[in-house]
Structure formats: structure tokens, C-alpha cells
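Remarks on the overall topology
So you can see what is in the structure, the chains are spelled out below.
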Amino acid sequence: MTRERPRRAANQRRAASGGFVVGVDIGGTKIAAATADARGRLLRTVRLATRAQEGAGQAVDRALTAAAELRDATPGPLLGVGVVAPGVIHDDHIAFAPNIPGWESLALPALVSQRFAAPRVAVGNDVKAAALAEATWGALRGADPGVHLNLGTGIALAVVVGGRVLAGAHGAAGEIGYLLRDRTDRAGVASGRAPLEEHASGSGLPRTAAAELGGTWTAAELLASADARVAAVVDEALDTLAVHVANAATTLDPARIAVGGGMTAAFARIRPALTRRLAEAVPYPPALVRARYAEDAALRGAVALALA
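How each quantity is defined
Residues numbered from 1 in each chain as written. Predicted model: local features only at pLDDT ≥ 70, side-chain atom pairs only at ≥ 80, totals over all residues. Heavy atoms only, no water. Salt bridge = Lys/Arg side-chain N within 4 Å of Asp/Glu carboxyl O. Helix = DSSP H or I, 4+ residues; strand = E, 2+ residues; numbered from the N terminus. Pairing = 2+ DSSP bridges. Contact = heavy atoms within 4.5 Å. Axes fitted to C-alpha atoms, helices over the stretch in contact; angles between N-to-C directions. Phe/Tyr/Trp six-rings, centres within 6.5 Å; stacked < 30°, edge-to-face > 60°. Buried < 20%, exposed > 50% of the residue type's maximum accessible area, 1.4 Å probe, protein only. Right-handed = clockwise from strand over helix to strand, strands pointing away. Core = buried A, V, L, I, M, F, W, Y, C linked by side-chain atoms within 4.5 Å. Left-handed = near helix turned anticlockwise from the far one by under 90°. Nonpolar A, V, L, I, M, F, W, Y, C, P; charged D, E, K, R; others polar. Expected span 1.5 Å × (residues − 1). Polar contact = N/O pair within 3.5 Å; in protein donor to acceptor, adjacent residues only side chain to side chain.

**Observations concerning the pattern of salt bridges**
- The final tally for this structure, using the stated rule, is ten salt bridges.
- For Arg277, the salt bridge is made with Asp239, and the minimal N-O distance between the two is 2.8 Å. Taken as a pair, Arg277 in helix H9 (residues 267-281) and Asp239 in helix H8 (residues 228-252) lie far apart in primary sequence, 38 residues in all.

Here is the structure:
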């Protein structure tokens, strides 16, 4: 869900004569901020560790401070500010974002508005914003419907229809990390669980491997491993994910699915599992591509929100 202060026609007139926007992505592991021109081209960027274990307050403060420093270093009028984060963004709290302690009690839109005086201030979900960036400049241009599948610390997808990202009644459309893996799952979101995300995401896959193989792993190590036992664990997790992606494709009939997020560094390992299920199960299998902004789509999405 996006909370914003409109700028519309006035800001568009300013854009025609120059100016810039600020975009901020506050993620579970990293913070990225940038200034961009009125066409969305990045001008200055900075990246920081989120330090999630230290709490949400410091993460937001450091993110907005870094963004303000970029603003001050970029010449021209400030046209807008876009900030994106995991979870369902409400005016007084953020729901379903467990990776940063204290996140659920933050009034993020107000915090952003207090720090930035701009014709437009927009705050939204990171995956939905990433989908907007891909639809505007990237791999989902011309795809209607188009789906952005984010495989990173968490798992989610966003649907673009007629150039607009589907929010849902509560801003929670596409939160597929909460899908039950199969009929044996008894604990879901009401029990504080995210079954699919816990099994197959960048944070969940290492836990799955540790439970089955022992040891400590990263998702990158697991996806790159040639060991047969490791490969079997990864194959099962990817196939479980692929079943749900195929079901979503059958439901939505998208023209194209763009896969982004940190796990796409191993897209060659992930793609066959998804393609196999899409080809077998979906009446009209969509094209499956790597997102144009596979590594920084949420930051680009923050820029797109600031310019919308």
C-alpha cells in the first residue's frame, strides 16, 4: 500500500525543466539510497548495512540521514521522495515484516514527511515498487498482466495490470511467502508463520538445509553447490516454489514473469525449476525472464514512486 502526498501536474512541470528525486530502499540486510533525474537515471547512490539486530529505529534514521546527504549534494530542485520497505505499509504501523525488530510499530510515512519537504512524498512496499520500476523501464514493459517475482531474504510477487500495480484490499496482494506449502501445513500467518518463505527464500533455504543436512549455510552456497545431497535439498525447495508460481500464473494468465531479488545471482540454477512447472501446468505459459533490475529493483522502484 502506498501512502503519498500528491504533486502531479506541478511536479511534472518542474520535471520538464530539470530537478531530481530521492529514492530510498530499506531492506532486511541492506539500505540503498539514490538521487535520480526526472527520467529515472541514477545520479548519486549510497549503500549501508541495515544492522537489523539493532532495531528498526536506527535503520530508518540512518537511511533518511544518508538520503538527506545525497539530496544536499545534488544540484537542482527536489521534485519528490520515494521510500520503500518490506511489509504492508500503513500510516501508523508496518504489518508482516518480521526481519527488522520494531518495524511493526513504525509510522514510516510520517517519519519520511518530517525529514523531507518535497512536492511529492510516497512510501510503499518494496516488491510492489520494484514491479513498478520493471513495468516503467525494465523487463515488464508492455507486459499486461506482468508479474514481478522477488526472491530475496523473503518471497513475494507483485502484479501489474494496465500499468498499475495491484495493491489488494489491505495492501497485501502478492504476499506469497505466507502460502501454505501443501495440505500438511497447519501453522500459517495467524500462528506467526510464513511457510513458503521459511522453506525456499534466501533466509529460509539455509534453515531448510541446516535441518536436513546440519551445518551452517548461505543461500548462495547452497545454490552453487554440486554436492548431490545439497542439490537434492535445493531441488525440493525450488520445486515447491515453482508449484506456487505455476498456480499463480494459471490464476493470473500473465504475459511475462520477471524474477528479481538477491537469489537471482543464481538464476541459471533457479530458472529450470520454474520453467519446468510453468510449461507443464499453465494453460498459456508466460515468458520467464530475469528482471532488468535484479539487484536493485526496490531502489529503482522508490525512484519510480517519487516520479509517479
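**Comments concerning the sheet that holds strand S11 (residues 164-165)**
- Across the sheet, which stays open at both edges, the five strands sit in the order S11-S10-S9-S12-S13 with mixed pairing between neighbours. In the strand order of this sheet, the two ends are held by S11 and strand S13 (287-290), each with one partner.
- As defined by bridge partners, strand S10 (residues 155-161) adjoins S11 across two bridges and the pair is classed as antiparallel. By the bridge assignment for S11, Val161 is matched with Arg164.
- Its contacts with the sheet place H9 against strand S9 (146-151), strand S12 (256-260) and S13, and it is angled at close to 170° to S13.

**Comments concerning the packing of aromatic side chains**
- Enumeration over the complete set of coordinates arrives at one aromatic pair.
- Ring geometry for Phe96 and Tyr178: centres 5.5 Å apart, planes at 65°, overall edge-to-face. Of this pair, Phe96 sits in the loop between strand S7 (94-95) and helix H3 (108-115) while Tyr178 sits in the loop between S11 and helix H5 (195-200), placing them 82 residues apart in sequence.

**Re unusual backbone geometry**
- Between Asp144 and the following residue, Pro145, the backbone shows a cis peptide bond with an omega angle of -5°.
- Inspection of the secondary structure puts Pro145 in the loop between helix H4 (126-137) and S9.
- Phi at Arg51 takes a positive value of approximately 55°, unusual for a residue other than glycine.
- Residue position: Arg51 is located in the loop between strand S4 (42-49) and helix H2 (56-73).
- Among the residues examined, Arg51 registers a relative accessible area of 36% and is labelled partly exposed.
- Its identity is not glycine, yet Asp253 carries a phi of approximately 55°, on the positive side.
- Relative to the elements of secondary structure, Asp253 occurs in the loop between H8 and S12.
- The partly exposed category is assigned to Asp253, whose relative accessible area is 43%.

**Some words on the pairing of S13**
- Where S12 meets S13, four bridges bridge the pair, whose relative direction is parallel. What sits directly across from Arg256, in S13, is Ala287.
- Taking the sense of rotation as the criterion, the β-α-β connection linking S12, H9 and S13 turns out right-handed.

**Considering the nonpolar core**
- Ranked by size, the top nonpolar core spans 35 residues in total, and within it Leu149, Ile257 and Leu274 carry the most contacts.
- Secondary-structure elements contributing two or more residues to this core are S9, S10, H5, helix H6 (204-213), helix H7 (219-224), H8, S12 and H9.
- The element that contributes the greatest number of residues to this core is H8, accounting for eleven residues.
- Non-local contacts of Ile257, meaning those with residues more than four positions away in its chain, are made with Val147, Leu149, Val245, Ala249, Leu278, Pro286, Ala287, Leu288 and Val289.
- Grouped together as the second largest cluster of nonpolar side chains are 31 residues, Leu78, Ile100, Leu108 and Phe116 included.

**Describing the pairing of strand S8 (residues 121-125)**
- Counting buried positions along S8 gives five out of five residues, so the element sits mostly inside the fold.
- The pairing of strand S5 (residues 78-85) with S8 spans five bridges and is classified as parallel. Bridging from a neighbouring strand, Val81 pairs with Val121 of S8.

**Observations regarding the packing of H2 against H3**
- In contact at an axis separation of 11 Å, H2 and H3 are set at 30° when each is read in the N-to-C sense. The handedness of the crossing between H2 and H3 comes out as right-handed. Two secondary-structure elements touch here, H2 through Val60, Asp61, Leu64, Thr65 and Arg71 and H3 through Leu108, Leu111, Val112 and Arg115.
- A per-class count over the contact of H2 with H3 returns five nonpolar, one polar and three charged.

**Focus: H4**
- Across its twelve residues, H4 extends 16 Å between first and last C-alpha, which sits within 8% of the 16 Å expected from 1.5 Å per residue.
- Along H4, ten of the twelve residues are buried, which leaves the element largely enclosed by surrounding structure.
- For H4, every residue scored as buried is listed here: Asp126, Val127, Lys128, Ala129, Ala130, Ala131, Leu132, Ala133, Glu134 and Trp137.
- If you check the start of H4, you find a side-chain oxygen 3.0 Å away from the backbone N of Val127, and it comes from Asn125.

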